[in-house]
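Read off the chains here:
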Amino acid sequence: MTEGRPMISAVIPLYNEEENIPELCRRLVDVLDSMGARYEILFVDDGSTDGSYARLVEIKRENENIKIVKFRRNFGQTAAIHAGFDYAQGEIIATLDADLQNDPQDIPDMIMKLNDQDLDVVCGWRYQRRDKLHKKIMSRFANGLRRRLTGETIHDSGCTLRVYRKESVKDLDLYGEMHRYIPALLTWRGFRVGEHKVVHHERYRGQTKYNWRRLTRGFFDLMVVAFWQRYSFRPVHIFGILGFILAAVGGVIVAYLILEKFIFGAQLADRPLFISSILMAIMGVQFITTGILADIMVKIYYGQKERKNYLVENVV
């Protein structure tokens, strides 16, 4: 290994991937050894219920470059990637799935692109996916919606195979299914994000963990990311504007109806428009109040330290 080169941390979140671990480790070691780099392979066991952890411990005995972070229970892929970022020691962090659909052979080219184009992140683009049709359709829809809402332009936000500079993911807050939107979050923070076409294989062994629940949670997280990009520092701007519009429209209607009553003697108690205008004014005040409270919560959020969304049982 060459001491002068930056250290590489390969981060692999996994859940019940016992059958894939030996082959994945063999391929990763071959690639990283061929690069002549200092490296570590960091497996994050997301509360596996099969023999994944035992298999990892067994493999670690044969390779001192392997590190294991074991969760107390299943916290999800986003939390596992978050832990990988926290525990990784390398200046460059490569993330990939444990199902061997991502090819470790793509990592050297992605690191080369990271350095040659002075990027902070290089995202894998599975331009020829080896997945079932329904996953391709859902992924295409999700990627299109993401690009429209966030303004971020990479093709494939669902590909775990990415290469990061350590400083780009420092203090990054991840929860839910937010790992899909890391490029959007980093673009918003001002980091340079690129992409690279990568090989995509069929799952080596085992069962996929992807389902409609993850898609639904990912959609709501996308709404949060889109809101956070625009209004994270001053949420009162959006709530205040909505509240002002509602209160102003309701107030104008109430004033008109009261004027109508005094001039023409019109009745107000049985008119739905009068009740609706009062409700709009009340809702407007509530929106403005919500915006002020959200501003206070944002200040508290940015003042907090050491926020974690996972619990570690053991580090090997």
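Residues numbered from 1 in each chain as written. Predicted model: local features only at pLDDT ≥ 70, side-chain atom pairs only at ≥ 80, totals over all residues. Heavy atoms only, no water.

J.: Please set out the sheet that holds strand β5 (residues 121–125) residue by residue, giving values where relevant.
T.: The sheet built from eight strands is open, its strands ordered β7-β5-β6-β4-β1-β2-β3-β8 with mixed pairing. On the outer flanks of this sheet lie β7 (193–197) and β8 (312–315), each paired with one strand and no other. For this sheet, the mean angle separating the axes of adjacent strands, direction not counted, is 20°. The pairing of strand β2 (residues 39–45) with strand β3 (residues 66–71) spans five bridges and is classified as parallel. Across the sheet, V44 pairs through a bridge with V69, a residue of β3. In this fold helix α1 (residues 21–34) packs onto β1 (8–14), β2 and β3, with an angle of close to 155° to the strand it touches most, β2. Helix α2 (residues 52–60) contacts β1, β2, β3 and β8 of the sheet and is inclined by roughly 160° relative to β3. (Pairing = 2+ DSSP bridges. Helix = DSSP H or I, 4+ residues; strand = E, 2+ residues; numbered from the N terminus. Axes fitted to C-alpha atoms, helices over the stretch in contact; angles between N-to-C directions. Contact = heavy atoms within 4.5 Å.)

J.: Summarise the environment of E18; cite the residues concerned and give the values.
T.: Looking at the element boundaries, E18 is found in the loop between β1 and α1. When its relative accessible area of 27% is taken as the criterion, E18 is described as partly exposed. As for E18 and S48, which are separated by 30 residues in sequence, their C-alpha atoms are 8.9 Å apart. (Buried < 20%, exposed > 50% of the residue type's maximum accessible area, 1.4 Å probe, protein only.)

J.: Explain unusual backbone geometry to me, and be specific about the residues and the numbers.
T.: In the Ramachandran plot, L100 falls in the positive-phi region, its phi being about 65° despite a non-glycine side chain. Residue placement: L100 occurs in the loop between β4 (92–95) and α4 (107–116). In this structure L100 comes out as buried when scored by relative accessible area, which is 2%.

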